[in-house]
Amino acid sequence: MPRDVTVTVDGRRISAPEGSTLASAMLGAEVTHFRTSVTGAPRAPVCGMGVCFECRVTVDGRPHQRSCLIPCTDGMRVETSPNEIGAWAPPPDAVHESRSCDVAVVGGGPAGIAAAVAASAAGARVIVIDQGMRPGGQIWRHRDPAALPKAARNWLARLGEKGGGAPPEWLARSTVFDARVGEDIVLRLTGEGARGCGAVRARRVVLATGARELLLPFDGWTLPGVLALGGAQALLKGGMVVRGKRAVVAGSGPLLLPVAAALSRAGARVMFVAEQAPIAQAAAFAAGLWSHPAKLWQAAAYGASLRGATVRFGTWVRSAEGDQGRVARVRLTNGRRAWTVPCDLLCASYGFVPAVELARLMGCDVERGRVAVDALQRTTVPNVWCAGEPTGVAGEAAALVEGRIAGLDAAGDEARARSARLQRARDGWRRFGERLTDAFRPRDEVRRLASDSTVVCRCEDVRRESLDPSWSVRQAKLYTRITMGPCQGMVCGAACTSLFGWSPGTVRPPVGGTEVARLG
């Protein structure tokens, strides 16, 4: 059992298990106002995984730290709103490191781990770069290792083993913000703690950058207490306490049931589960899972754990309403009528968006929002591979297979990467991913929920009424600053594509949200 540590938040002392994330500890202590938006509204965590920047606080005098990525340590001092801009510089002893390797893997989820293990076993010197505190990505890293499936435990154990060469080197809490492709590939990164700006020079690179949730704006979606589905799951894994809270789970896709079940196991009262896809559409998808019976059993087990909760298909969130600065009610609709459900937590998102920004910066072709790859996971840029969700969202098993293929081929073992068994598995999971995407694609009513007064860009508080659908995304940036806040369009970019059909703009470094003071 981890020991408890004491963190001081705005002068108030709270206890949390050592290693739990700061955001989870603060929410568990009923802190709901983390930062103040540019127009003065209270904000709190949403994505739980470092994408949205809504959980920023000042930690030990350092402003704008994403509390969902920071482990609690004893004596930590935290200040919330007003989250003023303050001068800060890296510590004078910050280490500016430069490393080299045969294969660099960007991303530490299942695809990245499989790629790193496979490349290392084939004799390559491997470095894995990941934003998280521990290996495993969003799906594995926060959980008690003993609670992970056996296959996941095996993969994590293999990451530390010596393969054909040395075990992969792990760079935790590091973010790639720039890349230069030449004879070698140079990845520039920022790190947390004592590490400053650094670089990794690699002969070959595997991109396993994962995906982020699709958040579609509706009235009230900026209220504290409104979370993304995966955000709620990540915060629960990070130690968030929800016992006794009333929760509504809404959106689309297979993530609804596990999130609802996890909330229920943690002691929340799950009041309503609303899947926007029609029941006939979801049933047709389930009927196609005959070749994956484990997934059907898993869904049945999740459903059985939700006794007392109302589950409806063809139902979605119309708006959220608040009291005392946090969500208190949600309006649901099935298109024919609307009704109100009281809640303390509203978890809502609509599937995933492949994270392709780094691939685009490196010049890789992107088709239908996914990185284009061949049968060996090679991109259109020499010496760059891609695996997992950036090539299409299909789940953990697909990511593992694609990661193995990419790692083997990047390490020069093309024959094993082309093995019939791996190629059959890859093709099968890609077909599964296509069916998944089609079955749970957001309906038009959901994509157009924003009213004139709805905030679309959470970083800059840009409202729907300020945006002209006839603009390009570049015009919108120039006129309103949308997509130019700390998250760099990671949330509102996809929302604008959904609302207006805008294509993503040009990608320039720094990719994603990066602390400028760290760039050095």
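Everything here concerns the structure above.
We now turn to the structure provided with this report.

### Thoughts on a nonpolar patch on the surface
- A cluster of nonpolar side chains, namely Ile279, Val311 and Phe313, defines an oily patch on the protein surface of about 260 Å² accessible area.
- Considering the arrangement of structural elements, one finds Phe313 in strand E18 (residues 310-313).
- Residue class for Phe313 comes out partly exposed when judged on its relative accessible area of 36%.

### Quick notes on the sheet that holds strand E1 (residues 4-9)
- Taken in spatial order, the five strands of this open sheet run E2-E1-E7-E5-E6, and their pairing is mixed. Two strands in the sheet have a free side with no partner beyond their single neighbour: strand E2 (12-17) and strand E6 (62-66). Adjacent strand axes in the sheet meet at a mean angle of 40° when their direction is disregarded.
- Sheet analysis places strand E5 (residues 56-59) next to strand E7 (residues 77-79), joined by two bridges and oriented antiparallel.

### Considering the pairing of strand E11 (residues 174-181)
- Where burial is concerned, most of E11 is hidden: six out of the eight residues are buried.
- In sequence, E11 turns back onto strand E12 (residues 185-191) through a hairpin of three residues.

### So, unusual backbone geometry
- Omega for the bond connecting Pro509 with Pro510 falls within 30 degrees of zero, at 0°, which places this linkage in the cis form.
- Along the chain, the position of Pro510 falls in the segment after helix H15 (492-500).
- Backbone geometry at Gln324 places phi at a positive 50°, although glycine is not the residue there.
- Considering the arrangement of structural elements, one finds Gln324 in the loop between strand E19 (316-323) and strand E20 (326-333).
- Residue Gln324 is classed as exposed on the basis of its relative accessible area, which comes to 83%.
- Of note in the backbone geometry, Asn383 takes a positive phi value of approximately 70° without being a glycine.
- Along the chain, Asn383 turns up in the loop between strand E25 (370-371) and strand E26 (384-386).
- Overall, Asn383 belongs to the partly exposed group, its relative accessible area being 29%.

### Observations concerning H15
- Taken across its nine residues, H15 has seven buried, putting it largely inside the fold.
- Looking only at H15, the buried set comprises Cys492, Ala494, Ala495, Cys496, Ser498, Leu499 and Phe500.
- Against the buried residues of H15 lie strand E23 (352-354), helix H13 (444-447) and strand E27 (455-457).
- Looking one or two residues past H15, Gly501 carries a phi angle of roughly 75°, positive in sign.

### Digging into the nonpolar core
- Judged by nonpolar contacts, the single largest core of 52 residues is most densely connected at Leu346, Leu467 and Ile482.
- At five residues, the largest contribution of residues to this core is made by H15.
- Setting aside anything within four residues of it in sequence, one finds Leu346 in contact with Phe218, Gly225, Val226, Leu227, Val248, Val317, Ala320, Val327 and Val330.

### Quick notes on the environment of Arg265
- When you line up the elements, Arg265 lands in helix H6 (residues 256-265).
- Among the residues examined, Arg265 registers a relative accessible area of 61% and is labelled exposed.
- In this structure the C-alpha to C-alpha distance between Arg265 and Val242, which are 23 residues apart in sequence, comes to 9.8 Å.

### Thoughts on helix H5 (residues 229-237)
- Of all nine residues that make up H5, eight are buried, and the element is covered over most of its length.
- Those residues of H5 not exposed but buried are Leu229, Gly230, Gly231, Ala232, Gln233, Ala234, Leu235 and Leu236.
- One or two residues past the end of H5 sits Gly239, with phi positive at roughly 110°.

### Considerations on the sheet that holds strand E22 (residues 345-350)
- Spatially, the five strands line up as an open sheet ordered E15-E22-E16-E17-E18, and their pairing is parallel. If you trace the sheet from one side to the other, it starts and ends with strand E15 (226-227) and E18, each paired once.
- With two bridges joining them, E15 and E22 adopt parallel strand pairing. Bridge pairing links Val226 to Leu346 in E22.
- Against the sheet, H5 engages E15, strand E16 (246-252) and E22, with an angle of about 125° to E22.

### Quick word on the packing of aromatic side chains
- Applying the stated criterion across every chain, the model contains six aromatic pairs.
- Considering the side-chain rings of Phe272 and Trp339, the 6.0 Å spacing of their centres and the 45° angle between planes classify their relative orientation as tilted. With Phe272 in strand E17 (residues 269-275) and Trp339 in strand E21 (residues 338-342), this residue pair connects regions lying 67 residues apart in the sequence. As far as the burial class goes, Phe272 and Trp339 line up, both buried.
- With centroids separated by 5.9 Å and ring planes inclined at 45°, the aromatic side chains of Phe285 and Phe432 adopt a geometry described as tilted. With Phe285 in helix H7 (residues 279-287) and Phe432 in helix H12 (residues 420-439), this residue pair connects regions lying 147 residues apart in the sequence. Pair check on accessibility: Phe285 and Phe432 agree, each one buried.
- Taken together, the ring pairs connect Phe285, Trp429, Phe432 and Phe440 into an aromatic cluster.
- The ring centre of Trp339 lies 4.4 Å from the NZ or CZ of Arg337, which sits over that ring.

What counts, and where the lines are drawn
Residues numbered from 1 in each chain as written. Predicted model: local features only at pLDDT ≥ 70, side-chain atom pairs only at ≥ 80, totals over all residues. Heavy atoms only, no water. Patch = residues over 30% accessible without salt bridge, like charges linked within 9 Å, V, L, I, M, F, W, Y side chains within 5 Å. Areas by Shrake-Rupley, 256 points an atom, 1.4 Å probe, with all protein chains shown as cover. Salt bridge = Lys/Arg side-chain N within 4 Å of Asp/Glu carboxyl O. Helix = DSSP H or I, 4+ residues; strand = E, 2+ residues; numbered from the N terminus. Buried < 20%, exposed > 50% of the residue type's maximum accessible area, 1.4 Å probe, protein only. Pairing = 2+ DSSP bridges. Axes fitted to C-alpha atoms, helices over the stretch in contact; angles between N-to-C directions. Contact = heavy atoms within 4.5 Å. Core = buried A, V, L, I, M, F, W, Y, C linked by side-chain atoms within 4.5 Å. Phe/Tyr/Trp six-rings, centres within 6.5 Å; stacked < 30°, edge-to-face > 60°. Lys NZ or Arg CZ within 6 Å of the ring centre and 35° of its normal.

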